[in-house]
Amino acid sequence: MAVQLSIGARVRKSPFFQSSCEAGLAAASVYNHMYMPTSYGDPAAEYDRLINGVAMWDVAVERQVALKGPDALALARLLTPRNLDGLVIGQGKYVPICNHSGAIINDPVLLQVAEDEIWLSIADSDIQLWASAVAGTLKLDVDVYEPDVSPLAIQGPKAVDVVSDIFGDWVRELKYFGFRVTELDGIPLVVARSGWSKQGGYELYLRDFNRGDDLWARVAEAGKPYDIGPGTPNYIERIESGLISYGADTDPRTNPFELGMDKFIALDQPHDFIGKDALIAMKKVGISRRFMGFIIDGPALVTTNEDRLLISFDGENAGYVSACVYSPRVGENIGVGMVSTTPIDKGQSVTIHMADGPRSARIVPLPFL
């Protein structure tokens, strides 16, 4: 069902919004109280650019929560179950954030950009409010605020060539989640080797809202020899790669063990963190459901699902599929979602209740590719 998105002052626009519109923006959603491009009108071309070439994405919705002050690291430790020992300027970390019940409430990338300043590059939820409340309640010496930072992603196998042409070969040496503070033609930036795809790429963290169009134009020009074009976080590729989409794949009780995040949960660390007791108890009990992939029988899916799809097993509710699509590379209908461990352990198929009727599906590990 096609629904027009009303544009108004209540929802913020990114510094790349005008450039995105001029590049052919055809559809958008709202993420972190900001318009997020979701399509430029040719899904096949956007997918092909990401898989085989290079695309540029307006992902300014990937807002930053800055923790600045003497207690910045102390606050960061409280917010995440991941052990932050060894944190250094220039190397980011993926850090799940849980509430007191051990449920996931965000899964940002943490970047320490200065000795007393840490950024959380967040998914779609109000972590600034959460972090501010924690800091205020404990009277920590730290400011929690949203800095003037807006990422522009360059993704795809040719992204490294585009970005090295712009900044130099040093970008090739960055480790994944590695970053460097720099500038381009007077535009202040942080260049990070990251992005919400598995095709390789970078994110340029713009640090001056007023230079958005300048940065877009500079990247577009540098990318011309590589046939760069606009794109968005790609629905098909994210399912193929098994990337977790907070809010889409999770519900209010989803815990990190269900998402396979065990390696990021340091229950034996000496530092305290929010949700520690709850997560220790969860670990002892074990999980009854898990985030998994599905190979779905039947004709090729021609649209994406607008709602979660019920999974059943032996006539009982067994979870939900959060996203599904036909994958050109897998050559099958694929999906991701949360499913009971019972059919996983038994190695049996489940039934997915789709708009056109029930379909059988095999449960498979992630990623697909």
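One can find the structure itself at the top, above this paragraph.
Residues numbered from 1 in each chain as written. Predicted model: local features only at pLDDT ≥ 70, side-chain atom pairs only at ≥ 80, totals over all residues. Heavy atoms only, no water.

For the pair helix α3 (residues 72-79) and helix α4 (residues 127-137), the least separation of the axes is 11 Å and the interaxial angle reads 115°. Taken together, the axes of α3 and α4 lie roughly perpendicular to each other. The interaxial crossing formed by α3 with α4 has right-handed handedness. The residues of α4 that touch α3, namely those facing Leu75, Leu78 and Leu79, are Trp130, Ala131, Val134 and Ala135. Considered class by class, the residues forming the contact of α3 with α4 number 7 nonpolar, no polar and no charged. (Axes fitted to C-alpha atoms, helices over the stretch in contact; angles between N-to-C directions. Helix = DSSP H or I, 4+ residues; strand = E, 2+ residues; numbered from the N terminus. Parallel < 35°, antiparallel > 145°, perpendicular 65-115°, else oblique. Left-handed = near helix turned anticlockwise from the far one by under 90°. Contact = heavy atoms within 4.5 Å. Nonpolar A, V, L, I, M, F, W, Y, C, P; charged D, E, K, R; others polar.)

A separate point is the pattern of salt bridges. Per the counting criterion, the structure on display carries 16 salt bridges. The shortest N-O distance in the salt bridge between Arg359 and Asp356 comes to 2.8 Å. In this structure, a network of salt bridges that share partners links the residues Arg12, Arg63 and Glu146. (Salt bridge = Lys/Arg side-chain N within 4 Å of Asp/Glu carboxyl O.)

Now for the sheet that holds strand β11 (residues 150-155). Reading across from one edge, β12-β13-β14-β11-β3-β15 is the order of the 6 strands in this open sheet, with mixed pairing throughout. A strand with exactly one partner marks an edge of an open sheet, and here the two such strands are β12 (179-184) and β15 (229-231). Mean inter-strand twist for the sheet, computed between neighbouring axes without regard to direction, equals 30°. The pairing of β12 with strand β13 (residues 187-192) spans 6 bridges and is antiparallel. Bridging across to β13, Leu184 finds its partner in Ile187. (Pairing = 2+ DSSP bridges.)

This part is about the side chain of Glu46. The topology assignment puts Glu46 in helix α2 (residues 43-52). Despite its burial, Glu46 remains without a salt bridge, the nearest opposite charge being carried by Arg49 at 5.1 Å. Leave out the neighbours within four places in its chain, and Glu46 touches Ser39, Tyr40, Gly41, Pro230, Gly231, Thr232 and Asn234. (Buried < 20%, exposed > 50% of the residue type's maximum accessible area, 1.4 Å probe, protein only. Lys, Arg positive; Asp, Glu negative; His and termini not counted.)

A few words on helix α6 (residues 212-223). Count 3.6 residues to each turn of an α-helix, and residues three or four apart come out pointing the same way. With 12 residues, α6 ought to run about 16 Å at 1.5 Å a step, and its terminal C-alpha atoms sit 17 Å apart, in line with that. Where α6 is concerned, the buried positions are Gly212, Leu215, Trp216, Val219, Ala222 and Gly223. In an axial view of α6, the angular spread of the buried residues amounts to 135°, which keeps them on one side of the axis. (Expected span 1.5 Å × (residues − 1). Arc of directions from axis to C-beta.)

For the rest of this paragraph, the subject is a nonpolar patch on the surface. A cluster of nonpolar side chains, Leu5, Ile7 and Val30, forms an exposed patch at the surface whose accessible area comes to about 220 Å². Within the secondary structure, Val30 is located in strand β1 (residues 27-31). (Patch = residues over 30% accessible without salt bridge, like charges linked within 9 Å, V, L, I, M, F, W, Y side chains within 5 Å. Areas by Shrake-Rupley, 256 points an atom, 1.4 Å probe, with all protein chains shown as cover.)

Before going further, it helps to examine α3. Counted residue by residue, α3 has 6 buried out of 8 residues, so it is predominantly covered. Those residues of α3 not exposed but buried are Ala72, Leu75, Ala76, Arg77, Leu78 and Leu79. Contacts from the buried residues of α3 go to β4 (64-68), β6 (97-98), β8 (109-114), β9 (117-121), α4 and β10 (143-145).

Turning our attention to the packing of aromatic side chains. Taken as a whole and judged by the stated rule, the model has 5 aromatic pairs. Note on Phe17 and Tyr35: the rings are 6.0 Å apart at their centroids and 40° apart in plane angle, and the pair reads as tilted. Separated by 18 residues along the polypeptide, Phe17 in helix α1 (residues 17-22) and Tyr35 in strand β2 (residues 34-39) bring together distant segments of the chain. For Phe17, a relative accessible area of 14% puts it in the buried group. Considering the side-chain rings of Tyr94 and Phe264, the 5.1 Å spacing of their centres and the 65° angle between planes classify their relative orientation as edge-to-face. Taken together, the residues Tyr94 in strand β5 (residues 93-94) and Phe264 in the loop between α7 (235-240) and α8 (276-285) connect sequence positions 170 residues apart. The exposure class of Phe264 is buried, given its relative accessible area of 16%. (Phe/Tyr/Trp six-rings, centres within 6.5 Å; stacked < 30°, edge-to-face > 60°.)

Turning our attention to the nonpolar core. Grouped together as the largest cluster of nonpolar side chains are 61 residues, with contacts concentrated most on Leu67, Leu75, Leu110 and Leu120. Top element by residues in this core is α3. It accounts for 5 residues. Residue contacts for Leu67: discarding those within four places in its chain leaves Ala72, Leu75, Ala76, Leu79, Asp116, Glu117, Ile118, Leu120, Ala131, Val142, Asp143 and Val144. Core analysis: the next-biggest nonpolar cluster, separate from the first, contains 31 residues, Val163, Trp170, Ile187 and Val191 among them. (Core = buried A, V, L, I, M, F, W, Y, C linked by side-chain atoms within 4.5 Å.)

A separate point is the sheet that holds β4. The 5 strands lie next to each other as β5-β8-β9-β4-β10, forming an open sheet whose pairing is antiparallel. Each end of this open sheet is capped by a strand with a single partner; those strands are β5 and β10. Pairing geometry for β4 and β9, over 5 bridges, is antiparallel. Residue pairing in the sheet places Ala66 in a bridge with Trp119 of β9.

Another aspect to go through is the pairing of strand β14 (residues 201-206). Across the 6 residues that make up β14, a large majority, 6, are buried. Residues Gly201, Glu203 and Tyr205 line one face of β14 and the alternating positions Tyr202, Leu204 and Leu206 line the opposite face, and both faces are buried. By the bridge criterion, 6 bridges tie β11 to β14 in an arrangement that is antiparallel. Its bridge partner being in β14, Ile154 is matched across the sheet by Tyr202. The pairing of β13 with β14 spans 4 bridges and is classified as antiparallel. If you follow Val191 over to β14, its bridge partner there is Leu204.

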